[in-house]
Amino acid sequence: MGSDFGGEKTLGRWFPKLYNIVMKPLDLTKLRKIRKMLSEQAGGRVLEVGSGTGMNFPYYKYAAKVDAIEPNPWMNKQAQRQVKSSQVPIHIHLAKAEKLPFADNTFDTVVATLVFCSISDPLKAFREIKRVSKPGASILLLEHVKVNHPVIGKAQEALTPFWKSVCDGCHLNRDTVRLLKLTDLSVLKVHSYFKGLFLYIVCLNEERD
Ligand SMILES: C[S@@+](CC[C@H](N)C(=O)[O-])C[C@H]1O[C@@H](n2cnc3c(N)ncnc32)[C@H](O)[C@@H]1O
């Protein structure tokens, strides 16, 4: 596929290095426990969307195989090193969530962590996730979202244009659960962390008659 990260001066090139510097200390906290718990829920054929630098790779335990998609080639370069730390086979693909390079009904589990804040067309991405998921598949998400607090929510709205430009398209004001409710995926569970700033969301691709 084509990449939007072709230019030497794009944010996409330095963002992966900065991302690891910022995220590694954060990951020593509760976030790492959530990643581990989420990745350990993933079984069978697994799709990881927006795998970034591969921070979830060491935690997959029960997946038969993980196909990880990520549109930033510099993220993929760093993720390739993490593949060695995985207990399961992982194959990385250069692709976007809005156009997944997989056949219908392929995956038993789909994982995305801290990704739907950055996807340009999240509804299109959810449609693609539904298409490539088997009926009965689980979709496991960890997302930072707009909080349900009048002052903090407004601050997130105000900061988003600046934040997007320095953090590679990340929206602080995404309401991922509201978006999910516009799709054909069923939201089974929403667990809130850090006062609702981070949500662990479990969805089901329901079998239809
Ligand atoms: C904040 S990082 C999260 C990376 C990783 N999932 C993690 O938990 O550390 C967001 C990732 O989403 C990726 N991304 C942005 N737009 C995307 C899209 N349309 N489809 C798939 N991934 C995308 C970015 O390149 C980046 O790697």
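Residues numbered from 1 in each chain as written. Predicted model: local features only at pLDDT ≥ 70, side-chain atom pairs only at ≥ 80, totals over all residues. Heavy atoms only, no water.

An unreviewed UniProt entry lists the chain under the name Methyltransferase domain-containing protein, with Thalassobacillus cyri as the source organism.

Q: How should the sheet that holds strand β2 (residues 63–70) be read in this particular structure?
A: Adjacent strands of a sheet form backbone hydrogen bonds with each other and so pair up, either parallel or antiparallel. In spatial order, the strands read β3-β2-β1-β4-β5-β7-β6; together these seven strands make up an open sheet with mixed pairing. The open sheet has two edge strands with one neighbour each: β3 (90–94) and β6 (186–193). Averaged over all pairs of adjacent strands, the angle between their axes in this sheet comes to 15 degrees, without regard to strand direction. Where strand β1 (residues 44–49) and β2 come together, six bridges link them in parallel fashion. Across the sheet, E48 pairs through a bridge with A68, a residue of β2. Across the sheet, helix α3 (residues 73–83) is in contact with β2 and β3; its angle to β3 comes to roughly 175 degrees. Running over the sheet, helix α4 (residues 122–132) touches β1, β4 (107–113) and β5 (133–144) and is turned about 145 degrees from β5. (Pairing = 2+ DSSP bridges. Helix = DSSP H or I, 4+ residues; strand = E, 2+ residues; numbered from the N terminus. Axes fitted to C-alpha atoms, helices over the stretch in contact; angles between N-to-C directions. Contact = heavy atoms within 4.5 Å.)

Q: When you look at a nonpolar patch on the surface in this model, what are you seeing that I'm missing?
A: The grouping of L159, F162, W163 and V166 at the surface amounts to a nonpolar patch, some 350 Å² of accessible area in total. Relative to the elements of secondary structure, W163 occurs in helix α5 (residues 150–166). (Patch = residues over 30% accessible without salt bridge, like charges linked within 9 Å, V, L, I, M, F, W, Y side chains within 5 Å. Areas by Shrake-Rupley, 256 points an atom, 1.4 Å probe, with all protein chains shown as cover. Salt bridge = Lys/Arg side-chain N within 4 Å of Asp/Glu carboxyl O.)

Q: Honestly, the pattern of salt bridges in this entry has me stumped. Any pointers?
A: A side chain with one charge can pair with a side chain of the opposite charge if their charged atoms come near. One pass over the full model with this rule turns up nine salt bridges. D104 serves as the salt-bridge partner of R131, at 2.8 Å between the closest nitrogen and oxygen. Within this pair, whereas R131 is found in helix α4, its partner D104 is found in the loop between β3 and β4, the two being separated by 27 residues in sequence. Classification of R131 as partly exposed rests on a relative accessible area of 26%. A relative accessible area of 49% places D104 in the partly exposed class. For K146, the salt bridge is made with E157, and the minimal N-O distance between the two is 2.9 Å. Highlighted residues: K146 in the loop between β5 and α5 and E157 in helix α5, separated in sequence by eleven residues. (Buried < 20%, exposed > 50% of the residue type's maximum accessible area, 1.4 Å probe, protein only.)

Q: Please explain the pairing of strand β7 (residues 198–204) as it appears in this structure.
A: As a general feature of sheets, a regular strand has side chains that alternate between the two faces. Counting buried residues in β7 gives six out of seven residues, a clear majority hidden from the surface. The pairing of β5 with β7 spans seven bridges and is antiparallel. Bridge pairing in β7 places L140 opposite V202.

Q: Any chance you could explain the pairing of β2 here in plain terms?
A: Buried residues dominate β2, accounting for six of its eight residues. Of the pairings in the sheet, the one linking β2 to β3 comprises five bridges and is parallel in character. Among the inter-strand pairings, I69 is bridged to a residue of β3, identified as H93. Viewed along the sheet, the connection from β2 through α3 into β3 turns out right-handed. (Right-handed = clockwise from strand over helix to strand, strands pointing away.)

Q: I would appreciate a short explanation of unusual backbone geometry in the present structure.
A: As a rule of thumb, non-glycine residues mostly have phi less than zero, and peptide bonds are mostly trans rather than cis. For D168, which is not a glycine, the phi torsion comes out positive at approximately 55 degrees. With respect to the helices and strands, D168 occurs in the loop between α5 and α6 (176–180).

Q: What is the right way to look at a positive patch on the surface in this model?
A: On the surface, a cluster of positive charge is made up of K17, K77, R81 and K84. Structurally, K17 can be placed in helix α1 (residues 11–27). K17 sits in the exposed class, given a relative accessible area of 55%. (Lys, Arg positive; Asp, Glu negative; His and termini not counted. Charge placed at Lys NZ, Arg CZ, Asp CG, Glu CD.)

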